[in-house]
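Remarks on the overall topology
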Amino acid sequence: MKNRWMILLLSLAAGSCFAQSSATKSPAAPATRFVRCGALIHPASGQVQRNVVIVVEGERIREVRENFTAPSGATVIDLSDRTCLPGLVDTHTHVLLQGDITAADYDEQLLKQSVAYRAILSTRSARHALDYGFTTIRDLETEGAGYADVDLKHAIERGIVPGPRMRVASRAMDVTGAYPLLGYAPEVPVPHGVQVVDGPDNGRKAVREQIGFGADWIKVYSDRSYFVRSDGVLDDIPTFTLDELRAIVDETHRQHHKIASHAMALNGVHNSVEAGVDSIEHGNYITDADLKTMAQKGIFYVPTIYVGEYVAEGRAAAGAKVWLDMIKIHADTFKRALNAGVKIAFGTDVGGFDWGVNPAVEFPYMVKYGMTPVQALRSATSSAAELLDMEKDIGAVAAGKYADIVAVKGDPLGDITLLQKIDFVMKGGEVWKMPGR
């Protein structure tokens, strides 16, 4: 008995010492690195600093200093021959889609590829995005792959696979008979690229379900079947009724989430603006009145210019010649939106075009259609961060924000195409790409 008590006392004493040791043991200090930049662009202000050192502590930026010498023995990343800028943000991607110029391209992915296989491909898409310099993306639905985007987001957060930070919209919504797969025999059950929703109550239920399964954003498809009227207006068939859209928007906002609307033409855009969505996606044609309302309400415009030109020839060859007309209409709308003071966020719809194409190809189109290079950069940094409600964390190289830093040789404010040649990528203080590697 005496021996038992002695063992118990020794065990308690050892446990007490271990507890004290654990309680008093300080966590390891986050690693500090110094990133030396020849120039640093601040897109929000348009300011350019020279000979800058960014002090990175752990995953965040501690300070930004000019003409600073790092301490002896410190870890220094020398980008003194390069221009640094904040990590880029693409607010319209589809990691689970690998290009769909024609209906056949789309159908094959949904009918012949398993969701598991598509999820594997999505990890490659995410890695492409990061390599291109996009450290954050908003992925606007899985095109028939359920909630696989939620799983990918979590896998990236847990360090299982590399990729950008993600905000995801999961399944998206459209009405019966309006979204592919279409054209199959009535007795043949086929999958759809969206969650099919009819009626205000079902719309509210779908919002609750998608948020419950991890969607950060809600997305609706608000129009289809585009045609150009004799007066040059791009017209459409609206999908949801205004009552349906209002219910979906209200339920989304009631749960403190945001909603994006695929709206390319007259009625889809107008109904979306009236319902109070947070962003108009594509917006090939928007009336001046709706642009005015968008500016007043702070509704963002995500124009996705390049993808329209990418798919136009193939879709025209398949019989939809309207896609060629939409290129010119879109260019005019973009200029009018810019002049109207509408908030514009960078988005590409990559996945609608092949992930082998660098989404930064969008930048030259934005400049061609009226933006200055710094405005285009702002759309992919501070403006995109505002749309995503992530201003505290991303969109600028500044103290307290995530150390999301990219760099390129040359001056992208002089040649915006250089953003397609980013060769240094740091996300959250971790280097993913270095010049020469």
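The preceding data block contains the structure.
Residues numbered from 1 in each chain as written. Predicted model: local features only at pLDDT ≥ 70, side-chain atom pairs only at ≥ 80, totals over all residues. Heavy atoms only, no water.

**Some points on helix H2 (residues 103-112)**
Our working rule: For every residue, the accessible area obtained with a 1.4 Å probe (protein chains only) is divided by the maximum for its type, and the residue is called buried under 20%, exposed over 50%, and partly exposed between those limits. Starting at the N terminus, helices and strands are each numbered in turn, a helix being any DSSP run of H or I of at least four residues and a strand any DSSP run of E of at least two. To be clear, the arc concerns the directions from the helix axis to the C-beta atoms. Whether two residues touch is decided by their heavy atoms; if any such pair falls within 4.5 Å, the residues are in contact.
Along H2, the residues that are buried comprise Tyr106, Asp107, Gln109 and Leu110. Axial view of H2: buried residues confined to an arc of 160 degrees, hence all on one face. The exposed residues of H2 that point more than 90 degrees off its buried face are Ala104 and Lys112. In this structure, the buried residues of H2 make contact with helix H3 (115-131).

**Considerations on the sheet that holds strand E7 (residues 165-168)**
Note on sheets: strands pair through backbone hydrogen bonds, and any given pair is parallel or antiparallel. Basically, it comes down to this: The criterion for strand pairing is that DSSP finds at least two bridges linking the strands in question. Orientation is described by axes fitted as lines to C-alpha atoms, over the contacting stretch for helices, and by angles from 0 to 180 degrees between their N-to-C directions.
Read across the sheet, 3 strands follow the order E5-E6-E7 without closing on themselves; strand pairing throughout is parallel. Every other strand in the sheet has two partners, leaving strand E5 (88-93) and E7 as the edge strands with one partner each. The mean inter-strand angle of the sheet, taken between neighbouring strand axes irrespective of direction, is 15 degrees. Of the strand pairs in this sheet, strand E6 (residues 134-139) and E7 are connected by 4 bridges, and their pairing is parallel. By the bridge assignment for E7, Asp139 is matched with Val168.

**Side note on the packing of helix H6 (residues 242-254) against helix H7 (residues 266-275)**
Let me state the cut-off plainly: Roughly parallel here means an angle under 35 degrees, roughly antiparallel means over 145, roughly perpendicular means 65 to 115, and every remaining angle is called oblique. Put simply, a crossing is left-handed when the front helix is turned counterclockwise from the back one by less than a right angle, and right-handed when it is turned clockwise.
Interhelical geometry of H6 versus H7 gives an angle of 45 degrees and a closest axis separation of 9 Å. Classified by the angle their axes make, H6 and H7 are oblique. Considering the relative orientation of H6 and H7, their crossing is right-handed. Contacts between H6 and H7 involve Leu242, Leu245, Arg246 and Val249 from the first element and Asn271, Ser272, Glu274 and Ala275 from the second.

**Let's talk about the pairing of strand E18 (residues 430-433)**
Bridge analysis of strand E17 (residues 424-427) against E18 gives 3 bridges, and the strand direction is antiparallel. By the bridge assignment, Lys427 is partnered in E18 with Glu430. Here E17 folds back onto E18, and the loop between the two strands holds 2 residues, one of which, Gly428, carries a positive phi near 55 degrees.

**Quick word on the environment of Ala289**
Note on placement: Ala289 falls in helix H8 (residues 288-297). The spacing of Ala289 and Ala340 is 51 residues in sequence and 10.0 Å in space, taken between C-alpha atoms.

**Some thoughts on unusual backbone geometry**
Following Pro180, the chain continues to Leu181 via a peptide bond in cis, the omega torsion being 15 degrees. Along the chain, the position of Leu181 falls in the loop between strand E8 (173-174) and strand E9 (195-196). One non-glycine residue, Glu141, lies in positive phi territory at about 105 degrees. Counting through the fold element by element, Glu141 comes out in the loop between E6 and helix H4 (148-157).

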